[in-house]
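Structural features, examined
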Amino acid sequence: MSMEQYEWEQLSPEEKKKQLYLNQKQTLDSFLARGAISKAQYDKSLGDLTEKMGMGSLGA
């Protein structure tokens, strides 16, 4: 088992959910930065992601 996998398994379900959210947000950020999606698409996708994952408290 890799150290990264071990560390992942040590996270609580809430911490895992937060990391998954942040990883998805980072993907959207990179898509926007590279022009793969428009700002409107980014805003919609991030808003949907934030709402569906219950991450409004992260201030996204």
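This text gives an overview of the structure that appears in the document. Small disclaimer: the values here were computed from a predicted structure and weren't measured.

1. Quick word on the overall build of the protein
What the protein contains, in helices and strands, is three helices and zero strands. For 60 residues, the compact-globule estimate of 2.2 N^0.38 gives 10 Å, and the protein exceeds it by more than 25% at 14 Å. Considering only C-alpha atoms, the protein reaches an extent of 40 × 25 × 15 Å along its principal axes. Taken across its 60 residues, the protein has 15% of its residues classed as buried.

2. Notes on a nonpolar patch on the surface
Taken together, the side chains of M1, M3 and Y6 define a hydrophobic patch exposed on the protein surface, amounting to about 390 Å² of accessible area. Structurally, M1 is set in the segment before α1 (3-10). The exposure class of M1 is exposed, given its relative accessible area of 69%.

3. Re helix α3 (residues 39-52)
For α3, with 14 residues, the first-to-last C-alpha span of 20 Å sits near the 20 Å given by 1.5 Å per residue. Among the residues making up α3, those that are buried are Y42, L46, L49 and T50. Projection of α3 onto a plane perpendicular to its axis shows the buried side chains occupying an angular sector of 95 degrees, all on one side. Away from its buried face, by an angle of more than 90 degrees, α3 presents the exposed residues A40, K44, E51 and K52. Buried residues belonging to α3 abut α2 (13-33). Among the residues trailing α3, G54 stands out with phi positive, at a value near 65 degrees.

4. Some thoughts on the packing of α2 against α3
Here α2 crosses α3 at 175 degrees, and the two axes come no closer than 10 Å. Of the possible angle classes, the one that applies to α2 and α3 is roughly antiparallel. Across the interface between the two elements, Y21, Q24, K25, L28, D29 and L32 from α2 touch K39, Y42, S45, L46, L49 and T50 from α3.

5. Focus: the nonpolar core
In terms of nonpolar packing, the biggest core is built from eight residues, these being Y21, L28, I37, Y42, L46, L49, M53 and M55. With three residues, α3 is the largest single contributor of residues to this core. In contact with L46, other than residues within four places in its own chain, are Y21, K25 and L28.

The rules behind each value
Residues numbered from 1 in each chain as written. Predicted model: local features only at pLDDT ≥ 70, side-chain atom pairs only at ≥ 80, totals over all residues. Heavy atoms only, no water. Helix = DSSP H or I, 4+ residues; strand = E, 2+ residues; numbered from the N terminus. Rg over C-alpha atoms; globule rule 2.2 N^0.38 Å. Buried < 20%, exposed > 50% of the residue type's maximum accessible area, 1.4 Å probe, protein only. Patch = residues over 30% accessible without salt bridge, like charges linked within 9 Å, V, L, I, M, F, W, Y side chains within 5 Å. Areas by Shrake-Rupley, 256 points an atom, 1.4 Å probe, with all protein chains shown as cover. Salt bridge = Lys/Arg side-chain N within 4 Å of Asp/Glu carboxyl O. Expected span 1.5 Å × (residues − 1). Arc of directions from axis to C-beta. Contact = heavy atoms within 4.5 Å. Axes fitted to C-alpha atoms, helices over the stretch in contact; angles between N-to-C directions. Parallel < 35°, antiparallel > 145°, perpendicular 65-115°, else oblique. Core = buried A, V, L, I, M, F, W, Y, C linked by side-chain atoms within 4.5 Å.

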